[in-house]
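Here are the chains, one letter per residue:
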Amino acid sequence: VTHQPPPLDGDRSYLVLLSGGLDSTVLTTDLLVSGATVQAVSIHYGQRHERELIAAAAVAAHLQVPYSPIELLALGSHLTSSLTGAAPVPHGHYADANMSSTVVPNRNAIMLMVAAGIAAARGLDAVVTAVHAGDHPVYPDCRPEFVAAANTAALLGTGGQVEIHAPYARITKEQIVQRGARVVAPFALTWSCYQGGDTHCGRCGTCVERAEAFAAAGVQDPTTYLDPDFWRTATERQAAEVTS
Ligand SMILES: [Zn+2]
């Protein structure tokens with residue numbers, strides 16, 4: 001088992017799926033540091049809050065990467081999830097059972113194939129996604145076997161032009177934070193909270209995951225949380241449930 005992502009190829013051109021979150025921002029920075037040609041897209045599928053799209057635009061501007069938000073709003077209204085519908089966003093640890101309500105079915109697959117079409121139209125070599133090992137339990141379309149199948153589908157669908165890469169698929173969010181610190185990713189511009197608002201709530205699954213990853217990585221977290229200590233209790237409770 002390797003815990004290091006494969007080296008990125010600086011001679012190639014990539015279309016990165018930039019959500020405005022931590023992982024895809026580190027990935028975009030990583031790709032630029034490798035010397036590759038990088039463009040970015042965000043897929044707007046009707047996330048309850050548009051705060052992360054504002055973050056994506058800010059990250060792209062900071063990194064001076066060409067960036068396009070892609071509207072798929074009409075599609076999002078047909079995908080039931082607490083992120084796009086009326087149900088409340090659950091509080092707690094991202095590994096809790098109630099986090100399944102944050103799953104937008106087949107979201108990653110949809111975004112990858114939309115991006116593969118755009119990459120083909122622009123003559124780019126590959127689509128790159130920042131899915132990581134922590135995504136696997138909750139999101140089936142983030143698992144390595146799915147990414148491998150999506151790569152095959154993209155290559156077949158574009159006549160061999162566009163590949164799909166997930167260089168973080170076997171590393172953890174903690175390792176992504178460490179990598180981001182090394183390449184000086186603009187952490188402070190990123191947005192993780194599923195609640196929207198102007199400040200990270202500190203209580204939703206992605207806020208907890210973010211705070212936990214910075215702490216585990218030993219990297220200073222520049223994020224302001226409304227409830228800065230909730231992640232500790234959520235993490236302890238989750239650990240107790242796993243061992244009981
Ligand atoms: Zn939050």
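In this report, the structure presented in the accompanying data block is examined. Every value quoted in this text rests on a predicted model; they were computed, and no experiment measured them.

What follows covers helix α2 (residues 51-63). Under the 1.5 Å per step criterion, the end-to-end length of α2 is 19 Å for 13 residues, consistent within 8% with the ideal 18 Å. Among the residues of α2, E52, L53, A55, A56, V59, A60 and L63 are the ones counted as buried. Take α2 and look down its axis: the buried residues cluster within an arc of 155 degrees, on one side only. Exposed side of α2, more than 90 degrees from the buried face: I54 and A61 are the residues found there. Where α2 is buried, its residues touch α1 (22-33), β2 (37-44) and β3 (67-71). Q64 sits one or two positions beyond α2 and adopts a positive phi of about 60 degrees.

With that out of the way, let us pick up the side chain of T129. Along the chain, T129 turns up in the loop between β4 (126-128) and α5 (144-157). Residue contacts for T129: discarding those within four places in its chain leaves L17, L27, N108, L112, H165, A166 and P167.

With that out of the way, let us pick up helix α7 (residues 205-217). The first and last C-alpha atoms of α7 sit 18 Å apart over 13 residues, in line with the 18 Å expected at 1.5 Å per residue. Among the 13 residues that make up α7, eleven are buried, leaving the element largely enclosed by the rest of the structure. Among the residues making up α7, those that are buried are G205, T206, C207, V208, E209, R210, A211, E212, A213, F214 and A217. Turning to α7, the residues buried within the fold contact α1, α6 (173-183) and α8 (230-243). Just downstream of α7 lies G218, where phi reads positive at about 70 degrees.

A one-sided burial pattern is seen for β3, the buried positions being S68 and I70 and the unburied ones Y67, P69 and E71. Across five bridges, the pairing between β2 and β3 is parallel. If you follow V41 over to β3, its bridge partner there is S68.

The subject of this paragraph is the nonpolar core. Ranked by size, the top nonpolar core spans 36 residues in total, and within it L15, L17, V127 and I164 carry the most contacts. It is helix α4 (residues 107-122) that contributes the most residues to this core, six residues altogether. In this structure, V127 is in contact with L15, L17, L112, A115, A116, A119, V162, E163, I164 and H165, ignoring residues within four places of it in sequence. In this structure, L27, A36, V65 and Y168 belong to the second largest nonpolar core, which totals 28 residues.

The next point concerns the coordination of the zinc ion. Coordination of the zinc ion by the protein comes from C193 (SG), C201 (SG), C204 (SG) and C207 (SG), over a distance range of 2.3 to 2.4 Å. Coordination at the zinc ion is tetrahedral, judged from the four donor atoms that bind it and the angles of 103 to 116 degrees they form at the metal. Spacing between the donor residues of the zinc ion along their common chain follows C-x7-C-x2-C-x2-C. Each member of the pair, C201 together with C204, is buried.

Here we come to the sheet that holds strand β5 (residues 163-165). The strand order β3-β2-β1-β4-β5 describes an open sheet built from five strands, whose pairing is parallel. The strands lining the two open edges of the sheet, one partner per strand, are β3 and β5. Strand-to-strand twist in this sheet, taken as the mean axis angle between neighbours without regard to direction, amounts to 25 degrees. Set on the sheet, α2 makes contact with β2 and β3; between it and β3 the angle comes to about 160 degrees.

Using the criterion set out here, one finds seven salt bridges in the structure. A salt bridge links E163 to R12; its shortest N-O distance comes to 3.0 Å. Note that E163 is positioned in strand β5 and R12 in the segment before β1 (13-17), a separation of 151 residues in sequence. The salt bridge partner of R179 is D30, with a shortest N-O separation of 2.4 Å. Placement of R179 in helix α6 and of D30 in helix α1 is noted, with a sequence separation of 149 residues between them. Among the residues examined, R179 registers a relative accessible area of 14% and is labelled buried.

By secondary structure assignment, the location of L72 is in the loop between β3 and α3 (73-76). For L72, a relative accessible area of 23% gives the class partly exposed. Distance in space between the C-alpha atoms of L72 and H44 is 5.5 Å, their sequence separation being 28 residues.

Cut-offs and rules
Residues numbered from 1 in each chain as written. Predicted model: local features only at pLDDT ≥ 70, side-chain atom pairs only at ≥ 80, totals over all residues. Heavy atoms only, no water. Helix = DSSP H or I, 4+ residues; strand = E, 2+ residues; numbered from the N terminus. Expected span 1.5 Å × (residues − 1). Buried < 20%, exposed > 50% of the residue type's maximum accessible area, 1.4 Å probe, protein only. Arc of directions from axis to C-beta. Contact = heavy atoms within 4.5 Å. Pairing = 2+ DSSP bridges. Core = buried A, V, L, I, M, F, W, Y, C linked by side-chain atoms within 4.5 Å. Donors = N, O, S within 2.8 Å, 3.2 Å for Na, K, Ca; no water. Tetrahedral: all angles 85-135°; square planar, octahedral: opposite > 155°, others 65-115°. Axes fitted to C-alpha atoms, helices over the stretch in contact; angles between N-to-C directions. Salt bridge = Lys/Arg side-chain N within 4 Å of Asp/Glu carboxyl O.

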